[in-house]
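Each chain, written out:
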Amino acid sequence: MTAHKGRLKVNFMYIIFDMDGVIADTEPVYRDGYLYAAEKFGLPVGTMREAVRSAVGVTDERERAIMEEAFADVPWFDLEETFRACREYFDNIVDTGQVRLKPGVLRILDFLKDEGIPAGLASSSPRERIDRILKPYGVLPYFDVIISGDMVTRGKPDPEIFLTCAGRMGLSESDRGQIYVIEDSANGIRAAAAAGMRPVMVPDTLEPDDEIRKLTEVILPSLLEVMAWIGDKERECEGSQQ
């Protein structure tokens, strides 16, 4: 137990956030960037939509592999020009300040800080992209640890990124049952479950199927609902300590 706000407090919970679709409202931008590339180069739009769905929550390397597999039968498909067009579209949105935080981000981060609940960020995006998106909003200091996709060798649904984040937060294997991972993607939920942690899903562009529902601790519609849910669990924990 550690002293906090004039009372004894049990460190009963740790939080790890994904970024894309959870902290930053970027998933529609990625999708629109790829649809822009499909239109520009005459690629099948339906195939592109399915490829983008499959690529939610994965690293850049895996994203490239998904695109190559999806368009293997399209002779004029060029991975590099497609990727470049998507990134140019995305970068323009970021550089012009059009990427927004998801509703409730600042409130839940302030809440966790006030309650002394440690928070990490584990994103498949490269660190440079994380900084470009989040620095303007001043939220990076809220995270005790930030792990990016270029810091691990295996992307989600492999649990490496969450295990790495937990390790950098000073947590051991015995702590994993107290780590709640806030995710929006199926691959992220699978990775958190494989890490032995507790997945909490806040759906963004994709709704959970039966497999994902079985893997999650809870599915909530927004970060504000997550904040309220954490508050309820905190009161339950404090009540059990009395």
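The structure this text deals with has already been given above.
Structure report, in brief. Note that the structure is a prediction, hence the values are computed from the model and not measured. (Residues numbered from 1 in each chain as written. Predicted model: local features only at pLDDT ≥ 70, side-chain atom pairs only at ≥ 80, totals over all residues. Heavy atoms only, no water.)

1. Notes on empty space enclosed by the protein
What the rule picks out here adds up to one cavity of 30 Å³ or more. Quantified by volume, the largest cavity comes out at close to 170 Å³. Along the walls of the largest cavity sit 18 residues, with Glu27, Tyr30, Ala55, Gly57 and Glu63 positioned nearest its centre. Those elements that provide at least two residues to the lining of the largest cavity are helix H1 (27-41), helix H2 (45-55) and helix H3 (60-70). At three residues, the largest contribution of residues to the lining of the largest cavity is made by H1. Its residues placed into classes, the lining of the largest cavity shows six nonpolar, four polar and eight charged. (1 Å grid on protein atoms, 1.4 Å probe; cavity = no way out; pocket = protein on both sides within 12 Å on 5 of 7 lines; lining within 4 Å. Points joined across faces, edges and corners; volume = space filled by probe spheres on them. Helix = DSSP H or I, 4+ residues; strand = E, 2+ residues; numbered from the N terminus. Nonpolar A, V, L, I, M, F, W, Y, C, P; charged D, E, K, R; others polar.)

2. Things to note about the layout of surface pockets
Summary: where empty space remains is shown by rolling a probe the size of a single water molecule over the atoms. Here the largest pocket defines a volume of roughly 230 Å³. Around the largest pocket sit 13 residues that line it, and Arg53, Ala186, Arg190, Leu206 and Glu207 are the ones nearest its centre. Elements represented by at least two residues in the lining of the largest pocket include exactly H2 and helix H8 (186-194). Ranked by residue count, the leading element in the lining of the largest pocket is H8, at three residues. Grouping the amino acids of the lining of the largest pocket by side-chain chemistry returns six nonpolar, three polar and four charged.

3. Considering the side chain of Ser185
Its location among the elements puts Ser185 in the loop between strand S6 (179-183) and H8. Classification of Ser185 by relative accessible area gives buried; the value is 1%. With near-sequence residues (within four places) excluded, Ser185 lies in contact with Val56, Gly57 and Met201. (Buried < 20%, exposed > 50% of the residue type's maximum accessible area, 1.4 Å probe, protein only. Contact = heavy atoms within 4.5 Å.)

4. Re the packing of aromatic side chains
On inspection of all chains with the given rule, the structure shows six aromatic pairs. Between Tyr30 and Phe90, the aromatic rings sit 4.5 Å apart at their centres with planes inclined by 10°, giving stacked as the arrangement. Of the two residues, Tyr30 sits in helix H1 while Phe90 sits in helix H4 (residues 79-95), which places them 60 residues apart along the sequence. With centroids separated by 4.8 Å and ring planes inclined at 20°, the aromatic side chains of Phe71 and Phe77 adopt a geometry described as stacked. (Phe/Tyr/Trp six-rings, centres within 6.5 Å; stacked < 30°, edge-to-face > 60°.)

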